[in-house]
Amino acid sequence: MADRYDFDSLSENDTVAEQSVHVLLVEPDEAFSDLLHEHLVGHIPGMTATQCCTATSARAYLSGSSFDAVLVADELPDGTGLELLHLRSVLGLTSPFFLRTCENGEVSEDALAAGATACFDVTSEQDSLTSLSTEMIRAMGLADHSNGSITNDTPRVSPDAAIAMLEELRAEAAGMAHAVSNPLTVITGNAQFLLEVARTEEVDPVMMGPIEDIDRASQQLAEALERLAALRERIAETLGTQDRIKKA
């Protein structure tokens, strides 16, 4: 299963979610991972997810990215969820860590002792999935929007302040895209070069996997920059200004 990000594209009629939640979902069963992803996105407002299927990919994500929560299977093709939990402690991460286990015995006890927020014997049954999403919402301290009623005591922002914030956001997005573009070009070029060398020299599959991960991640970043450029242009159109920085 290819690692992938879930980005919500906002249309002109969409509103921005009151809460933004980024979850790392580590699940070797692609079909079950998609089922978990679909359920969680539908029940946790503002959620986006990064999906991966190996401990190697998960270690890379945990070392280089920030997540509001982690949901990992206890058994992975190249490791265990408990090992990732120990890595979390080594890295000093504090986000909730949920373990999906097939056995609520010794594995769960060890995980809870190591700092896991909760352990679940999750199945494809709706009640089981709902229990999971409810516990994750509670552990992350999120607003529960399941009943459709939302209390919002946030002060209103004046139109002038909103326009200024949009302009600041547009400028910051442009600067970020520009800063990321050149390093990404270098990473993409080197990943392609390494892939060609690896295929020609018949490199060990153990080495080939990480190279392909780098190439795939660089492509995802390039796609994300394109979406960022499109958002930047929409903000500029809304403000009636011109976005002078070229697309990444």
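Data block above holds the structure.
Residues numbered from 1 in each chain as written. Predicted model: local features only at pLDDT ≥ 70, side-chain atom pairs only at ≥ 80, totals over all residues. Heavy atoms only, no water.

It is worth spelling out helix H2 (residues 55–64) at this point. Given 3.6 residues per helical turn, the α-helix brings residues three or four places apart onto the same face. Every buried residue of H2 is listed here: Ala55, Ser57, Ala58, Tyr61 and Leu62. Taken end-on, H2 shows its buried residues confined to a sector of 155°, consistent with a single buried face. In this structure, H2 carries Ala60, Ser63 and Gly64 as exposed residues pointing more than 90 degrees from its buried face. (Buried < 20%, exposed > 50% of the residue type's maximum accessible area, 1.4 Å probe, protein only. Helix = DSSP H or I, 4+ residues; strand = E, 2+ residues; numbered from the N terminus. Arc of directions from axis to C-beta.)

Attention shifts here to the pairing of strand E3 (residues 47–52). Most of E3 is tucked away, with five of its six residues classed as buried. Pairing of strand E2 (residues 21–26) with E3, which is carried by six bridges, proceeds in the parallel orientation. Counted as the bridge partner of leucine 24 is threonine 50 from E3. Traced from E2 through helix H1 (residues 30–43) to E3, the parallel crossover comes out right-handed. (Pairing = 2+ DSSP bridges. Right-handed = clockwise from strand over helix to strand, strands pointing away.)

This part takes up a nonpolar patch on the surface. On the surface, a cluster of nonpolar side chains totalling about 260 Å² of accessible area is made up of Phe193, Leu194 and Val197. Residue placement: leucine 194 occurs in helix H6 (residues 159–201). (Patch = residues over 30% accessible without salt bridge, like charges linked within 9 Å, V, L, I, M, F, W, Y side chains within 5 Å. Areas by Shrake-Rupley, 256 points an atom, 1.4 Å probe, with all protein chains shown as cover. Salt bridge = Lys/Arg side-chain N within 4 Å of Asp/Glu carboxyl O.)

Relative to the elements of secondary structure, glutamate 27 occurs in the loop between E2 and H1. Of the polar contacts made by the side chain of glutamate 27, one reaches the backbone nitrogen of aspartate 29; its length is 3.1 Å. Within the local environment of glutamate 27, its side chain forms a polar contact with the side chain of arginine 100, the two groups lying 2.7 Å apart. (Polar contact = N/O pair within 3.5 Å; in protein donor to acceptor, adjacent residues only side chain to side chain.)

The next thing to look at is the pattern of salt bridges. Across all of its chains, the model carries five salt bridges by this definition. A salt bridge links glutamate 167 to arginine 170; its shortest N-O distance comes to 2.7 Å. Remark: arginine 170 and glutamate 167 occur in helix H6; sequence separation between them is three residues, near one turn of the helix. Among the residues examined, glutamate 167 registers a relative accessible area of 27% and is labelled partly exposed. Assessed through its relative accessible area of 9%, arginine 170 is described here as buried.

Interpretation note: all reported values are geometric properties and have no functional meaning in isolation.
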